[in-house]
Amino acid sequence: MPKIESYQHLLDTCRQYRPLLHLRLDEPGEEITERTIMVCGGTGCFASESRQVLARFQELIAKHELDDTVQALVTGCFGLCQEGPIVKIYPDDVFYIRVTPNDVDTIFEQHILGNQIVRQLLYEDPASGNKIKTQQDIPFYKGQQRIALRHCGLINPEDIREYIAVEGYQALGKALTEMSPEMVIDTIKSAGLRGRGGAGFPAGQKWDFARGYPGDKKYVVCNADEGDPGAFMDASIMEGDAHSVIEGMAIAGYAIGANQGYVYIRAEYPLAIQRLRVALEQAREAGIVGKNIMGSGFDFGIEIRLGAGAFVCGEETALIHSLQGERGEPRTKPPFPAQSGLWGCPTVVNNVETLATVPVILARGADWYSAIGTETSKGTKAFSLAGQVCNVGLVEVPMGTTLREIVFDIGGGIRDGAEFKAVQTGGPSGGCIPKQFLDTPIDYESLKVIGSMMGSGGMIVLSNKSCMVNIAKFYLEFTADESCGRCVPCRIGTKRLLEILTAIIEGRGTPADLVELRSLSNTIIDTSLCGLGQSAPNPVLSTMKYFWDEYQAHVEDQHCPAGVCEHLLHYRILAENCRGCTACKRVCPVDAISGTAKQVHVIDQSRCIKCGSCMTTCKFDAIVNN
Amino acid sequence: MACIGPAHSIRQLPAELYEQLDDHIDALHIAADDPCRRETLIQILHQAQEIFGYLPEEVQRHVASRYSIPHAEVSGVISFYNYFTTTPKGKVQISVCLGTACYVNGADKVLQEFERILNIKSGEVTPDGQFSIESLRCVGACSLAPVVTVNGKVYGRVQPEKVREILEHYLVEIDRKKEPIHAQN
Amino acid sequence: MVNLIIDNQPVSVPEGTTILEAARQVYIHIPTLCYLNLDAMKMHNQTASCRICVVEVEGRRNLAPSCSTPVAEGMRVTTNSQRVLSARRTLLQLILSNHPTDCLICAKSTDCELQSLAHEFGINTQKYQQGERATFPIDKSSGALKRDPNKCIMCRRCETMCNEVQTVGALTAFGRGFNVTVGPAEMQPLVNSSCVYCGQCVSVCPTAALTGVGYINETWAALFDPSKKVVVQVAPAVRVAIGEEFDFPTGQPVTGKLVAGLRRMGFNAVFDTTFGADLTVVEESHEIISRVTKNENLPILTSCCPGWINFLRYHFPKLSYMPSSCKSPQQMVGAVSKSYYADKMGIDPKDLVMVSVMPCIAKKYEAAMPEHSHDGLPDVDYVITTRELAKMLKESGIDLRYMPDESFDNPLGESTGAGVIFGATGGVLEAALRTIYEEVTGQELDDVNFTAVRGISGVKEATIDLNGRKLHVAAASGLGNARKILENIEKGTSTYDVIEIMACPGGCVNGGGQPYSQNRAEVIEQRIKGLYMIDGWQSRRKSHQNPSVQYLYKDFIGEPGSEKAHELLHITYYEGLVPEHST
Ligand SMILES: Cc1cc2nc3c(=O)[nH]c(=O)nc-3n(C[C@H](O)[C@H](O)[C@H](O)COP(=O)(O)O)c2cc1C
Ligand code: SF4
Ligand code: SF4
Ligand code: SF4
Ligand code: SF4
Ligand code: SF4
Ligand code: SF4
Ligand code: SF4
Ligand code: SF4
Ligand code: FES
Ligand code: FES
Ligand code: FES
């Protein structure tokens, strides 16, 4: 990769590399003689052996000496991780799912060599049973609009030439040569870009503050801590398109007058770290990060810093302390980091998705961006859709899309024929949204009104198999565990809340506990030092609000309607159904079941640890747990 | 700031490991009067944990003296972050994801099964030092929930029934190699 | 100026003022617990962690911690709405739910900020009784400082004091969440840490999480043991502080009454540590003059504060040859008592118990050091603090207000003004200068007041002309200030000849064993004033004029710096103290 000397040079280089992607970007001709095979290299697909899939493709290409006409490349997450590993073949635009290393030979024989689509590896529409060939026709992708994830599935994230070929770094080039920092800030402001890390603070305004505060040095920090368990948007962006984050950071640096940036990334994301490292190295080599970027005289360095497993370090002041090599405890704001951040200097902390969106806005204009979304929330938002939904994966939709569209149209509804109960958004700080709000358009304000929040984009779908009291306890356990311990309401308050919830779940709860749960929650929200404590009780309050009957059932009847809370379960064998097959007896880990062959078996309640194995094992529906 | 306590600590870990660590620290060119010198502390602790496998007091003291900061400060930092451990983990490190996506798909039962078979609790190491179990929160492979990682290798859609199978695989590996094993991803 | 309204009262304060400070200006009391601002010693603890000080600010979503929220133009603050009061009450209940509420058997009872708050709030039931509580081991390993982390409320004042003011860095927050606590590295016993026992953390801890290790029981046992002769020595700073426990005005000297009280407690003899101070001055001046005239090994550092000596040993081991080899006055009195005095009185040193009353935590550690014993007998058996003595006096029904003024016992009871001012920062240096001047110049010093080295500011300097040899001296109090000086010595940029260092900001009057004053500057200044008042009353204000000291040399020791003097009055604990890990 030669060093990019100027903006013009970048534009020329883009033209030069454009052919690398011609199979992917241009209409195919009559006869297909060349192919590009894109293999998903996201964490999800890697975990289901896509690495071996890629390796096998490359082996076969080499074996058939097709290097000149066929190439197999790794790419970022396609979104439909549930059906991974995903393989997409250009230019005929075929989308294969669940491709195992063994399937590769078939695809190679039939498709690459024989020009025949391998039908059994296509996505099957669950409604009609029809096989679907191209990505756009799969229901999952309808209604999605990929802006932050624009390059995932399209380019090889480990090759800067491909990023340049899709006009990458041109927004930076344009900003450096044609725009003043103020103009950049104004563009971001009028685009209406709000922070994607949770609070939704307008990015342009934040930059404006940081620009305005005096300081010898200023910093840009990319918050890639993505602590929300069950969310992987930021991971996917970094894995699939790290250059866009780098470009966003450099633009932010130019706008506020910073010459140094840091990416604070979770250590639990080894793949994202590696891709980021590769991208950064290439960007340095290309003169896009470092001194005198593209000959503009602007210097901007970026360094990667790993977190070490503390959710609270996603909070910006805690993150800054962690970056300084300290315990990641938050501090009171004001002063905000834009005034006094890293080493006391004005610092902009932005989320990965926010930064990855910045280059497109500069490239395509504020008007284009602000036309997408709702009145107060512009653009698109990526969500990681998980839980008990059919299509688990990464989705990106315009703001204002309804929950129903996401869960049912895109997500394909609830898994295993179960019934929808709630969607949890906003992670440990958010709330549970019940059925009656399924038609709520998603934006920052509407979610707040119904007691949840946008958060960073975790979206967990819950079915009637989930107990909402248990879910509330799960989140609280998380926040109590992750509390930094600095302030009283969060350190001790969340512990007490958790103890009350535990009592309820174990059938020891009283009506007074329910009253205390609410009032203590309110005090914690009202008095905690940082966002973690201020939002920790949200899952409790929102489940109490919408699923009060479940709380009552636990407290008044010692009954868990969803059949989840172990202490409230009693495993019994129905004599009339039991055939005496002894299967349950053999599987019970604590020998709680007695009985001889062909005789009715019984469970010793005093020994049973309620593991449920017997119930899943019994083929005759003889075991019940209520 | 040379900062020492009255307790003399004896080094037991191999000198060549300290040399490795020192190479990393030297490469940072920490100037004693640079107020930002601490910025790399957490990164060095990551390196140190990689080299030594854990961060016992003697390593902490070494890092503290290289950074000219009190041992208490290093210890406070280590104790804050889940990632750092001051006791050795097992050769086979099992991490069960208890992130939301995994939890609602039954990860707690998977963890219980590991605990039951290995007869240790999460956060503990088997007496022979071979296996350790811990929980973590989301590795970003939520589509495969419940997820378990073993020495970094990601296993998806792990049901309690699959636990024994995974463990047996590593038992065979231990037998074969008789040395630390690193699964390839 | 910023204008705002607090509880409907208009207030005008400079920019940057906190709501708490603004409210105080109009006499609105907002309770606080973690907050502690000690401008005089540059300690600012604004962790905003207890949240007890929350107030309502119009337009703000949640409550604001008044101790750390700056005022803003047009702000409207309410400090006592129902929302505020009930939040504070819940917060206090939360703290109490993780606190062993054993006020009745707690060293801090009636001096405890948490207890006072519970009292003021009228808390009379405990909520969340079933909840889990911390169960940390209690650490008395040092024999000097007791840590009971179960009583810690995580205000972090100790950490700020130890790490930022004293720059010792012995304490850290450890762990996180509910299990977080404050303590030494790896929660090791304190005795293994780099703590120097200055006790300043004890002074600022709002609860009994940090206190001194108590020796009341041992002292009573000795007093009531008919086979023992029990003697006591009282440090200079005690006499200007213990009165506070008996409703005397702050800083008022109560020396005579204190002696009477001690005698009534049953001590066989009541000695004055200031005698030891005079002895120290004579020995130390001899050493200073010798080193200054030879111009070797300069600067010379004073050695009477064990907190400071520990600091030097642990944190600047390379400089540990620099201080004077003189023992502290406490140890001199101890050593002389168990040798000279015991001999004179025909008491077997085994049957002589030396108790010392000190303003200090480090003296407890010092007394227990094996180096400070002869033939297996410690020179000082028990060290009790001013606070402990006040309790013992009260327990035995002795009210200092009604005591007559009595005098110390001889021969270790006689002292000069110079010995008394040891209790204040700069005092040791001033005392030494009074003697050095006369020794070197052979002339009588007319004005004994070296006011340049007085006062609680961090570092004070002076230059004294000794027949043409200009002696550059400095006095520093607080270990943060000591660090600066030591760093300059290490760098070779220091031009001082003699330096006095006291570990506690302000000197021993502000020691970790003094009645709790939360290190308020007014209190410290009053106590210092008290000491100089005593100095002013004295007819003899130069240590070498102390007749008992002179007699002791004649009768027992010989000359300053003699072999006997070295055996009894000097010490070197510096060899082999450089651990391998120091850089
Ligand atoms: C407890 C807590 C955890 C957070 N975790 C994250 C995170 O993982 N990623 C993130 O981008 N922002 C996180 N935030 C929000 C950040 O503090 C900050 O607002 C954000 O990074 C700003 O970037 P944005 O304006 O681009 O959204 C968290 C906030 C809190 C209170
Ligand atoms: S709210 Fe929780 S995480 Fe935030 S500072 Fe307080 S204790 Fe720490
Ligand atoms: S639930 Fe588990 S422990 Fe109880 S009887 Fe069934 S198998 Fe045994
Ligand atoms: S598995 Fe079912 S049928 Fe068989 S013994 Fe058990 S309860 Fe009876
Ligand atoms: S520390 Fe205070 S509140 Fe706690 S037991 Fe002692 S006196 Fe009572
Ligand atoms: S204050 Fe209350 S608890 Fe304490 S001794 Fe008196 S009655 Fe007992
Ligand atoms: S006694 Fe002094 S050195 Fe020891 S912990 Fe307290 S403040 Fe720090
Ligand atoms: S030990 Fe005392 S001063 Fe230190 S944090 Fe705890 S309560 Fe505060
Ligand atoms: S200054 Fe006085 S009270 Fe403080 S440690 Fe030194 S000797 Fe003790
Ligand atoms: S990781 Fe492959 S589709 Fe998401
Ligand atoms: S929640 Fe388990 S991998 Fe994300
Ligand atoms: S006094 Fe303000 S938060 Fe503690």
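Rules behind the numbers
- Residues numbered from 1 in each chain as written.
- Chains lettered and ligands numbered in written order.
- Predicted model: local features only at pLDDT ≥ 70, side-chain atom pairs only at ≥ 80, totals over all residues.
- Heavy atoms only, no water.
- Near = heavy atom within 4 Å.
- Nonpolar A, V, L, I, M, F, W, Y, C, P; charged D, E, K, R; others polar.
- Pairing = 2+ DSSP bridges.
- Helix = DSSP H or I, 4+ residues; strand = E, 2+ residues; numbered from the N terminus.
- Axes fitted to C-alpha atoms, helices over the stretch in contact; angles between N-to-C directions.
- Buried < 20%, exposed > 50% of the residue type's maximum accessible area, 1.4 Å probe, protein only.
- Polar contact = N/O pair within 3.5 Å; in protein donor to acceptor, adjacent residues only side chain to side chain.
- Contact = heavy atoms within 4.5 Å.
- Buried area = accessible area lost by both parts, 1.4 Å probe.
- Salt bridge = Lys/Arg side-chain N within 4 Å of Asp/Glu carboxyl O.
- Phe/Tyr/Trp six-rings, centres within 6.5 Å; stacked < 30°, edge-to-face > 60°.
- Lys NZ or Arg CZ within 6 Å of the ring centre and 35° of its normal.
- Domains from an automatic or database assignment.
- Disulfide = S-S within 2.5 Å.
- Patch = residues over 30% accessible without salt bridge, like charges linked within 9 Å, V, L, I, M, F, W, Y side chains within 5 Å.
- Areas by Shrake-Rupley, 256 points an atom, 1.4 Å probe, with all protein chains shown as cover.
- Parallel < 35°, antiparallel > 145°, perpendicular 65-115°, else oblique.
- Left-handed = near helix turned anticlockwise from the far one by under 90°.
- Expected span 1.5 Å × (residues − 1).
- Core = buried A, V, L, I, M, F, W, Y, C linked by side-chain atoms within 4.5 Å.

Asks: Is there a simple way to explain the site of ligand 9 in this structure?
Replies: Around ligand 9, the structure places C:Cys305, C:Pro306, C:Pro359, C:Cys360, C:Lys363, C:Met502, C:Ala503, C:Cys504, C:Cys508 and C:Gly511. Tallied by class, the residues present in the shell around ligand 9 amount to eight nonpolar, one polar and one charged.

Asks: For this particular structure, what's the right way to read the sheet that holds strand β12 (residues 393-398) of chain A?
Replies: Pairing between the strands of a sheet is mediated by backbone hydrogen bonds and can be parallel or antiparallel. All names here are of chain A. The mixed open sheet is built from five strands, whose spatial order is β12-β11-β15-β13-β14. The open sheet is flanked by β12 and β14 (431-434), the only strands paired with a single partner. Pairs of neighbouring strands in the sheet enclose a mean axial angle of 30 degrees, with direction left out of account.

Asks: Sorry if this is basic, but what is going on with the side chain of C:Asp535 here?
Replies: All names here are of chain C. Along the chain, Asp535 turns up in helix α16 (residues 521-537). Residue classification places Asp535 among the buried positions, given a relative accessible area of 0%. Engagement of the side chain of Asp535 in a polar contact is seen with the side chain of Arg434, the distance being 2.8 Å. Not counting the four nearest positions on each side in its chain, Asp535 is found in contact with Gly417, Ala418, Ile421, Arg434, Asn449, Arg454 and Arg541.

Asks: It is not clear to me how the environment of A:Ile406 should be interpreted in this structure. Could you clarify?
Replies: All names here are of chain A. Turning to its location among the elements, Ile406 is positioned in helix α15 (residues 403-410). Along the backbone, Ile406 and Glu396 are ten residues apart, and their C-alpha atoms lie at a distance of 9.5 Å. Excluding anything up to four places from it in sequence, Ile406 contacts Phe383, Leu385, Val395, Val397, Thr401, Gly411, Ile442 and Met459.

Asks: What exactly am I supposed to notice about the site of ligand 2 here?
Replies: Neighbouring residues of ligand 2: 13 residues in total, closest A:Cys484, A:Cys487, A:Cys490, A:Cys530 and A:Gly533. Its residues placed into classes, the shell around ligand 2 shows eight nonpolar, four polar and one charged.

Asks: Whenever I open this one, the interface of chain B and chain A confuses me. Can you help?
Replies: Often, the extent of an interface is quoted as the loss of accessible area upon association of its parts. With 38 residues of chain B at the contact, the number on the chain A side is 55 residues. Roughly 3900 Å² is buried in total at the junction of chain B and chain A, and carbon and sulfur atoms are behind 55% of that figure. If you sort the residues of chain B by the area they bury against chain A, B:Glu39, B:Phe80 and B:Arg137 come out on top, with a joint share of 19%. For the pair chain B and chain A, the number of links is three salt bridges. Of the charged contacts in the structure, one is a salt bridge between B:Arg137 and A:Asp481, with a shortest N-O distance of 3.6 Å. For the pair chain B and chain A, the interface holds 20 residue pairs in polar contact (both at pLDDT 80 or more). Those elements that provide at least two residues to the side of chain B that touches chain A are α2 (41-52), α4 (71-80), α5 (100-103) and α6 (107-118) of chain B.

Asks: Explain the interface of chain C and chain A here, please?
Replies: Taken together, the 35 residues of chain C in the interface contact 31 residues of chain A. Carbon and sulfur atoms make up 51% of the surface buried where chain C meets chain A, a total of about 2700 Å² over both sides. The interface formed by chain C and chain A holds five salt bridges in total. One salt bridge connects C:Arg156 with A:Glu329, and the closest N-O pair in it is separated by 2.9 Å. Remark: the boundary between chain C and chain A carries 20 residue pairs in polar contact (both at pLDDT 80 or more). Counting residues per element, the ones that place at least two in the side of chain C that touches chain A are α2 (82-97) and β9 (172-174) of chain C. For the side of chain C that touches chain A, the element with the most residues is α2(C), which contributes seven residues. Its residues assigned to classes, the side of chain C that touches chain A shows 17 nonpolar, eleven polar and seven charged.

Asks: Which parts of the structure should I look at to understand the packing of aromatic side chains?
Replies: Each aromatic ring pair is characterised by the separation of its centres together with the angle its planes make. Taken as a whole and assessed by the stated rule, the structure comprises 23 aromatic pairs over all chains. Taken together, the ring pairs connect A:Phe78, A:Phe95, A:Phe140 and A:Tyr141 into an aromatic cluster. One Lys or Arg, A:Arg161, reaches over the ring of A:Tyr17 and ends 5.8 Å from the middle of that ring. Its guanidinium or amino end placed over the ring of C:Tyr516, C:Lys108 lies 4.1 Å from that ring's centre, counting from NZ or CZ.

Asks: Help me understand the pattern of salt bridges, please; the structure alone is not making it clear to me.
Replies: Opposite charge on two side chains makes pairing possible when the charged atoms of those side chains draw close. Residues and elements named next belong to chain A. Applying the stated criterion across every chain yields a total of 73 salt bridges over all chains. With its nearest N and O atoms 3.8 Å apart, the salt bridge here joins Asp93 to Lys88. Judged by its relative accessible area of 17%, Asp93 falls in the buried class. Put simply, Arg404 and Asp439 hold a salt bridge, and the shortest N to O gap is 2.8 Å. Of the two residues, Arg404 sits in helix α15 while Asp439 sits in the loop between β14 and α16 (444-449), which places them 35 residues apart along the sequence.

Asks: Explanation requested: helix α21 (residues 538-546) of chain A in the structure shown.
Replies: For an α-helix, the turn length of 3.6 residues means that residues three or four places apart are oriented alike. Counting buried residues along α21(A), seven of its nine residues qualify, which places the element largely inside the surrounding structure. Those residues of α21(A) lying buried are A:Asn538, A:Pro539, A:Val540, A:Ser542, A:Thr543, A:Met544 and A:Tyr546.

Asks: Can you walk me through the domain arrangement of chain C in this structure?
Replies: All names here are of chain C. Domain boundaries assigned for chain C yield domain 1 (2-80), domain 2 (103-212) and domain 3 (217-569). Taken over C-alpha atoms, the centre of domain 2 sits 29 Å from the centre of domain 3. Contacts between domain 2 and domain 3 engage 26 residues on the former and 24 residues on the latter. Area buried by domain 2 at its contact with domain 3 is led by Val196, Tyr197 and Ser203, which between them contribute 25% of it. On the surface where domain 2 and domain 3 come into contact, there are zero salt bridges. Seen at the junction of domain 2 and domain 3, the total is ten residue pairs in polar contact (both at pLDDT 80 or more). Of all the secondary-structure elements, those providing two or more residues to the side of domain 2 that touches domain 3 are α4 (157-165), α5 (200-204) and β11 (210-212). Considering only residue class, the side of domain 2 that touches domain 3 consists of twelve nonpolar, eleven polar and three charged.

Asks: Mind showing me how you'd approach the state of the cysteines here?
Replies: In protein chemistry, a disulfide is the covalent bond that joins the sulfur atoms of two cysteines. All names here are of chain C. Applying the stated rule across the entire model yields zero disulfides over all chains. Lacking any disulfide linkage, Cys326 is separated from the closest cysteine sulfur, that of Cys304, by 9.2 Å. Accessibility expressed as a relative area gives 2% for Cys326, which makes it buried.

Asks: How should I be thinking about a nonpolar patch on the surface in this particular structure?
Replies: Judged by side-chain polarity, A:Phe201, A:Phe209 and A:Tyr213 come together as a nonpolar surface patch covering roughly 260 Å² of accessible area. Structurally, A:Phe201 is set in the loop between α8 (181-191) and α9 (203-212).

Asks: What should I look at first to understand the sheet that holds strand β20 (residues 469-477) of chain C in this one?
Replies: Residues and elements named next belong to chain C. Pairing within the open sheet is mixed, and its four strands lie in the order β14-β21-β20-β19. Taken across any chain shown, the strands that pair with only one partner, and hence form the sheet edges, are β14 (300-301) and β19 (459-466). Strand contacts of helix α14 (residues 427-441): β19, β20 and β21 (498-502), with the helix running at about 5 degrees to β19, the strand carrying the most contacts. Against the sheet, helix α15 (residues 479-491) engages β14, β19, β20 and β21, with an angle of about 140 degrees to β20.

Asks: Help me out: how do you make sense of the packing of helix α17 (residues 468-482) of chain A against helix α18 (residues 488-505) of chain A in this one?
Replies: Residues and elements named next belong to chain A. Contact geometry of α17 with α18 gives a least axis separation of 9 Å together with a crossing angle of 150 degrees. By the criterion of interaxial angle, the relationship of α17 to α18 is roughly antiparallel. Between α17 and α18 lies a crossing of left-handed hand. Residues Val469, Asn470, Ala472, Lys473, Leu476, Glu477 and Ala480 of α17 touch α18, and the partners they reach there are Thr494, Leu497, Leu498, Leu501, Thr502, Ile504 and Ile505. The residue makeup of the contact of α17 with α18, split by class, is nine nonpolar, three polar and two charged.

Asks: Would you mind going over the pairing of strand β1 (residues 35-40) of chain A with me for this structure?
Replies: Two faces, one strand: in a regular strand the side chains alternate between the faces of the sheet. Residue and element names in this part refer to chain A. Buried residues dominate β1, accounting for six of its six residues. Side chains Arg35, Ile37 and Val39 of β1 all project onto a buried face; the interleaved residues Thr36, Met38 and Cys40 project onto the opposite face, where all are buried too. Bridge analysis of β1 against strand β2 (residues 70-75) gives six bridges, and the strand direction is parallel. The residue of β2 that forms the bridge with Val39 is Val74. Here four bridges tie β1 to strand β3 (residues 87-90), and the two strands are oriented antiparallel to one another. Directly across from Thr36, in β3, lies its bridge partner Tyr90.

Asks: Looking at this structure, how should I read helix α8 (residues 273-294) of chain C?
Replies: Residue and element names in this part refer to chain C. The end-to-end C-alpha distance of α8 is 31 Å, a good match for the 32 Å that 22 residues give at a rise of 1.5 Å each. Among the 22 residues in α8, 18 count as buried, and that is most of the element. Backbone geometry just downstream of α8 places Asn295 in the positive-phi region, at approximately 55 degrees.

Asks: For this particular structure, what's the right way to read the nonpolar core?
Replies: The tendency in soluble globular proteins is for nonpolar side chains to be buried side by side. By size, the foremost hydrophobic cluster in this structure holds 174 residues, and its most contacted members are A:Tyr169, A:Trp207, A:Ile265 and B:Ile94. Per-element accounting of this core gives the leading share, 14 residues, to helix α10 (residues 233-256) of chain A.

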